[in-house]
Amino acid sequence: MKPVVILVCPQMCENVGMAARAMMNCGLDEMRLVNPRENHLDDKAVAASSGAERILQQAKVFSSTAEAVADLNLLYASTARRRNMVKTVETAQAAAHEIVEKAAQGVRSGILFGPERTGLHNDDVALADKIIEIPLNPEHCSLNLSQAVLLVSYEWYKTQVNVPEVQMVTNNGVLASKEKLYHFFDFLESKLKDCRAFQDDEKRPKMLINLHNIFLRGELTEQELNTLYGIVTYLSSH
């Protein structure tokens with residue numbers, strides 16, 4: 001069950017369009033608008049959505065925040081201004097995990113975002129169960145509406161995907177085995193036997209270690225290794 005994104009009194013239709021784009025980037029699809037100043041289906045909004053116009057077309061418009069969130073069970077207010085209220089303040093990451101956990105129990109969640117110039121009003125924040133606060137530079141923590149939507153939505157999306165933090169992209173190439181790398185090291189060493197520095201018994205062990213580390217660190221494919229064979233062969237013959 002996905003969280004609902006509620007934009008309260010958004011001022012510029014382009015920002016609504018960009019918020020829709022951010023939502024679709026992160027797999028969210030339900031947008032609700034409270035008293036938008038401009039038409040969210042304006043050509044400028046559609047253009048700004050960059051292909052996410054379906055979210056704009058399906059967005060529901062309400063006359064009050066209370067009406068927009070009436071069917072939800074858990075409500076967050078995304079704001080940098082706590083408005084001197086006694087509420088639990090969570091990072092977007094913590095809120096995302098909580099939304100997922102609660103969704104498994106049938107709890108419907110929503111996230112409020114305020115207008116570009118002022119942010120959420122006290123009355124809107126008061127409706128929320130908790131506050132989402134994105135830790136930013138305290139000297140300049142103001143975000144564009146779509147930026148705020150993207151940051152919060154992305155934390156939720158991260159809970160839905162399992163992507164390795166680091167991966168080697170070989171473009172269908174096969175990584176060279178250690179055996180093939182060691183054969184290449186022997187080949188390279190044979191070509192360096194006439195090198196003056198390599199003939200120095202004191203320097204040679206360190207040079208070999210450095211060479212091995214260079215090529216082992218590179219995670220070479222078999223094709224790349226064959227290219228190196230060709231280059232070394234060419235250089236050693238000239």
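So, here's what we can say about the structure.

1. Comments concerning the packing of helix H8 (residues 178-191) against helix H9 (residues 204-217)
Packing of H8 against H9 leaves a shortest axis separation of 11 Å and a crossing angle of 140°. The angle between H8 and H9 places the two elements in the oblique class. Here the hand of the crossing between H8 and H9 comes out right-handed. Packed against H8, whose contacting residues are Lys178, Leu181, Phe184, Phe185, Leu188 and Glu189, the element H9 presents Leu208, Leu211, His212, Phe215 and Leu216 at the interface.

2. Quick notes on the environment of alanine 103
Positionally, alanine 103 belongs in helix H5 (residues 92-103). Distance in space between the C-alpha atoms of alanine 103 and methionine 1 is 5.4 Å, their sequence separation being 102 residues.

3. A word on the sheet that holds strand S7 (residues 130-132)
As summarised here, the arrangement of the seven strands in space is S3-S2-S1-S6-S4-S7-S5, forming an open sheet in which the pairing is parallel. In the strand order of this sheet, the two ends are held by strand S3 (60-62) and strand S5 (88-90), each with one partner. Within this sheet the neighbouring strands show an average axis-to-axis angle of 25°, counted without direction. The sheet contact formed by strand S2 (residues 31-34) and S3 spans three bridges and is parallel. Across the sheet, residue valine 34 finds its bridge partner in S3, namely phenylalanine 62. Set on the sheet, helix H1 (residues 13-25) makes contact with strand S1 (4-8) and S2; between it and S2 the angle comes to about 155°.

4. Side note on H9
Along an α-helix, residues three or four positions apart point the same way, because every turn accommodates 3.6 residues. Taking 1.5 Å per residue as the helical rise, H9 with its 14 residues ought to reach 20 Å, and the 20 Å between its terminal C-alpha atoms agrees with that figure. Phi turns positive, to about 50°, at glutamate 219, one or two residues after H9.

5. Comments concerning the packing of aromatic side chains
Summed over all chains, the structure comprises seven aromatic pairs. Taking the centre distance of 6.2 Å and the plane angle of 45° together, the rings of tyrosine 182 and phenylalanine 185 count as tilted. With tyrosine 182 and phenylalanine 185 both in helix H8 and three residues apart, this pair spans about one turn of that helix. Plain terms: the ring middles of phenylalanine 184 and tyrosine 229 are 5.2 Å apart, the flat faces sit at 85° to each other, and that makes the pair edge-to-face. Within this pair, whereas phenylalanine 184 is found in helix H8, its partner tyrosine 229 is found in helix H10 (residues 222-236), the two being separated by 45 residues in sequence. Its relative accessible area of 1% is what places phenylalanine 184 among the buried residues. By the ring-pair criterion, three or more aromatic residues cluster together here, those being Tyr182, Phe184, Phe185, Phe187, Phe215 and Tyr229.

6. A few points about the nonpolar core
Grouped together as the largest cluster of nonpolar side chains are 31 residues, with contacts concentrated most on Leu7, Met31, Phe113 and Val149. The set of elements that each furnish at least two residues to this core consists of S1, H1, S2, helix H3 (53-58), strand S4 (74-78), H5, strand S6 (109-113) and helix H7 (145-158). The leading source of residues in this core is H1, at six residues. Each residue touching leucine 7, except ones within four places of it in the same chain, is listed here: Val16, Ala19, Met31, Arg32, Leu33, Val34, Phe113, Leu145 and Val149.

7. Remarks on the pattern of salt bridges
Evaluation of the coordinates by the stated rule reveals 10 salt bridges. The closest approach of N and O atoms between lysine 158 and glutamate 155, which form a salt bridge, is 3.2 Å. In this pair, lysine 158 and glutamate 155 both sit in helix H7, three residues apart, roughly one turn of the helix. Look at lysine 158 and you get partly exposed, because its relative accessible area is 35%. Glutamate 155 sits in the buried class, given a relative accessible area of 18%. Across the pair lysine 180 and glutamate 222 runs a salt bridge whose closest N-O atoms are separated by 2.9 Å. With a gap of 42 residues between them, lysine 180 in helix H8 and glutamate 222 in helix H10 connect regions that are remote in the sequence. Lysine 180 sits in the partly exposed class, given a relative accessible area of 36%. Accessibility expressed as a relative area gives 29% for glutamate 222, which makes it partly exposed. Salt bridges here are not isolated pairs; linked through shared partners, they connect Glu30, Arg32, Asp71 and Arg108.

Definitions and cut-offs
- Residues numbered from 1 in each chain as written.
- Predicted model: local features only at pLDDT ≥ 70, side-chain atom pairs only at ≥ 80, totals over all residues.
- Heavy atoms only, no water.
- Axes fitted to C-alpha atoms, helices over the stretch in contact; angles between N-to-C directions.
- Helix = DSSP H or I, 4+ residues; strand = E, 2+ residues; numbered from the N terminus.
- Parallel < 35°, antiparallel > 145°, perpendicular 65-115°, else oblique.
- Left-handed = near helix turned anticlockwise from the far one by under 90°.
- Contact = heavy atoms within 4.5 Å.
- Pairing = 2+ DSSP bridges.
- Expected span 1.5 Å × (residues − 1).
- Phe/Tyr/Trp six-rings, centres within 6.5 Å; stacked < 30°, edge-to-face > 60°.
- Buried < 20%, exposed > 50% of the residue type's maximum accessible area, 1.4 Å probe, protein only.
- Core = buried A, V, L, I, M, F, W, Y, C linked by side-chain atoms within 4.5 Å.
- Salt bridge = Lys/Arg side-chain N within 4 Å of Asp/Glu carboxyl O.

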